[in-house]
Amino acid sequence: MSISSRFAVGIHILALIEINKDGVSSSEFLARSVNTNPALIRKIMGMLKKAGLIEVNPGIAGAKLSKELSDITMLDVYKAVHVVQDNELFKVHESPNIECPVGRNIQDTIEPLFSTAQLAMENILGKVNLEDIVKDIDKKVEH
C-alpha cells in the first residue's frame, strides 16, 4: 500500500508550469511530461486551483502559478491534492476484539504514535518549497 501519487503529480505539475513559464502549460502538455492522461491532470489542476496555487482560465489553454515559488510549500501541495484526510495518514483498524488485551488497548496505544509521525512528516513538508524543487531540477538538467 502507498499513499496516492496525486502528491507527486501535483509537485510535477507545479514545477513544470514554472520551468515552462514562457510556454503554454496545457493539460495535454503537462500530461505528456507526467505520462498520464490529460483528464487526470485537469482533475489535479482543479485541486491546485481551488487551493490557490495556480490560475487557470476556462477555454484558455495553460496555467500559471498564483504565488511566488518560495511561498508554495510541499505541505501546501500535499493538502491541496487531498492525499489523506487531516490526521488520517495512518489509519487504525476498526473493531478489534475487546476481549483480547491487545485488541482492547491497541488503538489508544498506537494512535498517538501515528499522530506524531504524521505531524513530523508535515513539518518537513512545510520546510521545503517549490523554489527548492525547481532549483534542484535545474541543477540536474545542467549536468
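These notes cover the structure that comes with them. Since the structure is predicted, the reported quantities are computational estimates derived from the model, not experimental observations.

**Here's the deal with the packing of helix α1 (residues 6-19) against helix α3 (residues 38-50)**
Helices that pack against each other are described as a pair by the angle of their axes relative to one another and the distance between those axes.
Alright, step 1. Running from N to C, α1 and α3 cross one another at 80°; their axes reach a closest spacing of 10 Å. Between α1 and α3, the angle is such that the two are roughly perpendicular. Where α1 abuts α3, its residues R6, V9, G10, I13 and L14 lie against I41, I44, M45, M47 and L48.
Alright, step 2. Tallied by class, the residues present in the contact of α1 with α3 amount to eight nonpolar, one polar and one charged.

**As for the packing of aromatic side chains**
Alright, step 1. Applying the stated rule across the entire model yields two aromatic pairs.
Alright, step 2. Note on F7 and Y78: the rings are 5.5 Å apart at their centroids and 80° apart in plane angle, and the pair reads as edge-to-face. Placement of the pair is F7 in helix α1 and Y78 in helix α4 (residues 74-80), with a sequence separation of 71 residues. Per residue, the accessibility class of F7 equals that of Y78, and both read buried.
Alright, step 3. Plain terms: the ring middles of F90 and F114 are 5.2 Å apart, the flat faces sit at 35° to each other, and that makes the pair tilted. Pair noted here: F90 is in the loop between α4 and α5 (101-127) and F114 is in helix α5, with a separation of 24 residues, a long-range link.

**Let's talk about the pairing of strand β1 (residues 54-57)**
Alright, step 1. For β1 and strand β2 (residues 60-65), the ladder comprises four bridges, and the chain directions are antiparallel. What sits directly across from V56, in β2, is A63.
Alright, step 2. Here β1 hands over to β2 after two residues, with G59 in that stretch at a positive phi of 85°.

**Re the pattern of salt bridges**
Alright, step 1. Summed over all chains, the structure comprises five salt bridges.
Alright, step 2. Here K135 makes a salt bridge to E131, at a shortest N to O gap of 3.9 Å. Here K135 pairs with E131, and both are found in helix α6 (residues 130-142), just four residues apart, close to one helical turn.

**Quick look at the nonpolar core**
Across soluble globular proteins, nonpolar side chains show a tendency to be buried alongside one another.
Alright, step 1. Formed by 33 residues in total, the largest nonpolar core has its most connected members in F7, I13, L14, L48, V77 and L130.
Alright, step 2. Those elements that provide at least two residues to this core are α1, α2 (27-34), α3, β2, α4 and α6.
Alright, step 3. Counting residues per element, this core draws most heavily on α1, which supplies eight residues.
Alright, step 4. Filtering out sequence-adjacent residues up to four positions away, V77 remains in contact with F7, G10, I11, L14, L48, L53 and I72.

Reading the values: rules and limits
- Residues numbered from 1 in each chain as written.
- Predicted model: local features only at pLDDT ≥ 70, side-chain atom pairs only at ≥ 80, totals over all residues.
- Heavy atoms only, no water.
- Axes fitted to C-alpha atoms, helices over the stretch in contact; angles between N-to-C directions.
- Helix = DSSP H or I, 4+ residues; strand = E, 2+ residues; numbered from the N terminus.
- Parallel < 35°, antiparallel > 145°, perpendicular 65-115°, else oblique.
- Contact = heavy atoms within 4.5 Å.
- Nonpolar A, V, L, I, M, F, W, Y, C, P; charged D, E, K, R; others polar.
- Phe/Tyr/Trp six-rings, centres within 6.5 Å; stacked < 30°, edge-to-face > 60°.
- Buried < 20%, exposed > 50% of the residue type's maximum accessible area, 1.4 Å probe, protein only.
- Pairing = 2+ DSSP bridges.
- Salt bridge = Lys/Arg side-chain N within 4 Å of Asp/Glu carboxyl O.
- Core = buried A, V, L, I, M, F, W, Y, C linked by side-chain atoms within 4.5 Å.

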